[in-house]
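# Structure assessment
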Amino acid sequence: MSFTYIIISVFQAELSALHQALKWKQVNRPLQHCDIFTDSMSALKALQKHQPRNNVVEEIKAILDESVSLHWVKAHIGIEGNESADKAAKEATSRTNVDLHLDLPIRSLKTSLKRQILDRWQRTWEDRENTKGRFTYKIFPRVSTSRCSDNSLISQAISNHGRFPSYFRRFNIKDGTCRCGEDTSDDILHYALHCPLVAHLRRRISPAFTLLQVITDKRMAKELCSIIQFINDHEEDIIQLED
């Protein structure tokens, strides 16, 4: 698996600058009070949060004490120190050597990796050469880590892997058809929407609905579960086995 390079944000660079200034102060002026000025309001606000979600912020707060005062200054209004810092930063971009390698925050790394993994998963899911899960793909064309069903009957419906004649034929378990004889597909769509053998269990479900609409509506989903459970309990009455 290959991943693209992750770009360090300006925010991360501003935090790293504050971190380096504090570490320099610890080594060179440990007992002296120090005033540090920055034009990054976002960095200062991040330091004010009780539970920061950035490991560099946590490292800064760990070494920040009463001997240091942090101040915000407005950028690009001619403040000598701020203008000198901006000039030094621009000059650094043309240097061939890198003096400081900025570490990517762990949380940012996790977010980036998660996004890339999801992108790869989506590409695989959409691959036309992928023959697995195509029934489910028609229901859920977009992948998701939050979509989860703890209902085994609903899982049978969205995968089309239930005690249906189509499933038995596909995996060479046994050869048979639905006793109603009205549909050669004999899959979950047949039983959920059309089969007269389970019509007595259908109150709200009709052919006008898609399977996605059925499973996302609590009352229709309950009906669907009743239909699948009925098929499981009355298989011999539902399926006509071939001789």
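Residues numbered from 1 in each chain as written. Predicted model: local features only at pLDDT ≥ 70, side-chain atom pairs only at ≥ 80, totals over all residues. Heavy atoms only, no water.

## Points about the overall build of the protein
- Along the protein, the regular secondary structure elements total 12 helices and four strands.
- Relative to the 2.2 N^0.38 estimate, which gives 18 Å for 243 residues, the radius of gyration of the protein is 31 Å and therefore markedly larger than a compact globule would have.
- If you line up the protein on its principal axes, its C-alpha atoms span 95 × 40 × 30 Å.
- The 243 residues of the protein split such that 30% are buried.
- Looking at the protein alone, contacts between residues at least 24 apart form 56% of all its contacts between residues at least 6 apart.
- Counting 34 positive and 31 negative side-chain charges, the protein places the centres of these two groups 3 Å from one another. (Helix = DSSP H or I, 4+ residues; strand = E, 2+ residues; numbered from the N terminus. Rg over C-alpha atoms; globule rule 2.2 N^0.38 Å. Buried < 20%, exposed > 50% of the residue type's maximum accessible area, 1.4 Å probe, protein only. Contact = heavy atoms within 4.5 Å. Lys, Arg positive; Asp, Glu negative; His and termini not counted. Charge placed at Lys NZ, Arg CZ, Asp CG, Glu CD.)

## Here we look at the confidence of the model for the protein
- Confidence along the protein averages 89 in pLDDT terms, with 95% of residues attaining 70 or more.
- Ignoring residues within four places in sequence, the model shows residues 1-5, a span with pLDDT below 50, making five contacts including any to other chains. (pLDDT = per-residue confidence, 0-100.)

## Overview of the domain arrangement of the protein
- Split into domains, the protein comes out as domain 1 (10-95) and domain 2 (148-241).
- Centre-to-centre, using C-alpha coordinates, domain 1 lies 63 Å away from domain 2. (Domains from an automatic or database assignment.)

## Section: the pattern of salt bridges
- Under the definition given, this model contains five salt bridges.
- Taking the shortest distance from any N to any O, the salt bridge between E223 and R204 comes out at 3.9 Å. On the criterion of sequence distance, the pair formed by E223 in helix α11 (residues 218-233) and R204 in the loop between α9 (188-194) and α10 (211-216) is long-range, its members being 19 residues apart.
- Each member of the salt-bridge network shares a partner with another, and the members are R163, K174 and E235. (Salt bridge = Lys/Arg side-chain N within 4 Å of Asp/Glu carboxyl O.)

## What to know about α11
- With 16 residues, α11 extends 22 Å between its outermost C-alpha atoms, agreeing within 8% with the 22 Å of an ideal straight helix rising 1.5 Å per residue.
- Taken together, the buried positions of α11 are occupied by M220, A221, E223, L224, C225, I227, I228 and I231.
- At the N-terminal end of α11, a side-chain oxygen is found 3.1 Å from the backbone nitrogen of R219, two or three residues along, and the residue is D217. (Expected span 1.5 Å × (residues − 1). Polar contact = N/O pair within 3.5 Å; in protein donor to acceptor, adjacent residues only side chain to side chain.)

## Let's talk about the environment of N130
- Along the chain, N130 turns up in the loop between α5 (106-126) and α6 (134-139).
- Each residue touching N130, except ones within four places of it in the same chain, is listed here: T124 and W125.
- Polar contacts involving the side chain of N130 include one to the main-chain amide nitrogen of K132, which spans 3.1 Å.

## Here we look at the nonpolar core
- One finds I154, I188, Y191, I205, I215, L224 and I231 to be the most contacted residues of the largest nonpolar core, which totals 29 residues.
- It is α11 that contributes the most residues to this core, seven residues altogether.
- Each residue touching I154, except ones within four places of it in the same chain, is listed here: S149, I215, A221, L224 and C225. (Core = buried A, V, L, I, M, F, W, Y, C linked by side-chain atoms within 4.5 Å.)

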